[in-house]
Amino acid sequence: MSDNDQAGGKGRPTPSRREAEAARKAQMKKANTRKDQMKAQRALRDAARDKQRRALAGEGSAADLPPRDRGPVKAFVRDYVDRRFSVAEFLLPLLVLMLVLSTVGGEWGSVVVVYLWMATILLVGLDSVRLVVGVRRQIRARFGAELVRGTTTYALLRSTQLRRFRLPKPMVPRGAPLKERP
């Protein structure tokens, strides 16, 4: 059994000094034109974007998430928001319904839209306050008071998106209990 057959062997002989120097000089002689450099930068940028896209879809590593979504506190906030129903996530469909009612419904449609609009504003406001208070309380209990900053805006923005369109993808089902993430 030779050294190359062992686990971890490189599978090829070590190049001689002359061969290594020749390979290095050949690499240095290669003319890197601006076009080649731009192509290489574009390939690196595309690879990084692809890694980030996979991470947002829930398939990649948490380290590949955008800076806005990184860290255990943000992961906890995502789980907290994703496990509950929120009035704000249904705001866009409600607004479309109100638009249709106001244009098609005539006089009665306008009255219904006014009351529906007031009820929606009230419900979204109350639900948002409940969400912010709950998120802040849980973060203080789990991570400490110094990590609360910036999480309420993150939670509110996430709660306004329809669940199926949220990025990073929701990892917990609705109604699931909160648990520690690895």
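Please refer to the structure placed before this passage.
Now for a quick tour of the structure. Being a predicted model, the structure only gives us computed values, none of them experimental.

What about the pattern of salt bridges?
Within the structure shown, the criterion is met by twelve salt bridges. Between Asp-46 and Arg-49 there is a salt bridge; the shortest N-O distance is 3.1 Å. Pair noted here: Asp-46 and Arg-49 are both in helix 2 (residues 34-56), with a separation of three residues, about one helical turn. In this structure, Asp-127 engages Arg-130 in a salt bridge whose closest nitrogen and oxygen atoms are separated by 3.6 Å. Of this pair, Asp-127 and Arg-130 are both found in helix 5 (residues 106-142), three residues apart, which corresponds to roughly one turn of the helix. Connected through salt bridges with shared partners, the residues Asp-82, Glu-89, Arg-158, Arg-166 and Arg-174 form a single ionic network.

Some remarks on the packing of helix 4 (residues 91-104) against helix 5
Viewed as axis vectors pointing N to C, helix 4 and helix 5 meet at an angle of 160°, and their least axial separation amounts to 7 Å. Here helix 5 runs roughly antiparallel to helix 4, going by the angle between their axes. The handedness of the crossing between helix 4 and helix 5 comes out as left-handed. Of the residues in helix 5, those in contact with Leu-91, Leu-94, Leu-95, Leu-97, Met-98, Leu-101, Ser-102 and Val-104 of helix 4 are Gly-106, Trp-108, Gly-109, Ser-110, Val-112, Val-113, Leu-116, Trp-117, Thr-120 and Val-124. In the contact of helix 4 with helix 5, the residues fall into 13 nonpolar, five polar and no charged.

Observations regarding the packing of helix 3 (residues 72-82) against helix 6 (residues 151-159)
At a minimum axis distance of 10 Å, the contact between helix 3 and helix 6 shows a crossing angle of 40°. On the basis of their axis angle, the class for helix 3 and helix 6 is oblique. As for the relative orientation of helix 3 and helix 6, their crossing is right-handed in sense. Taken together, the residues of helix 6 that come into contact with helix 3 (itself represented by Val-73, Lys-74, Val-77, Arg-78, Val-81 and Asp-82) are Thr-151, Tyr-154, Ala-155, Arg-158 and Ser-159. Of the residues belonging to the contact of helix 3 with helix 6, the class tally is five nonpolar, two polar and four charged.

Criteria and thresholds
- Residues numbered from 1 in each chain as written.
- Predicted model: local features only at pLDDT ≥ 70, side-chain atom pairs only at ≥ 80, totals over all residues.
- Heavy atoms only, no water.
- Salt bridge = Lys/Arg side-chain N within 4 Å of Asp/Glu carboxyl O.
- Helix = DSSP H or I, 4+ residues; strand = E, 2+ residues; numbered from the N terminus.
- Axes fitted to C-alpha atoms, helices over the stretch in contact; angles between N-to-C directions.
- Parallel < 35°, antiparallel > 145°, perpendicular 65-115°, else oblique.
- Left-handed = near helix turned anticlockwise from the far one by under 90°.
- Contact = heavy atoms within 4.5 Å.
- Nonpolar A, V, L, I, M, F, W, Y, C, P; charged D, E, K, R; others polar.

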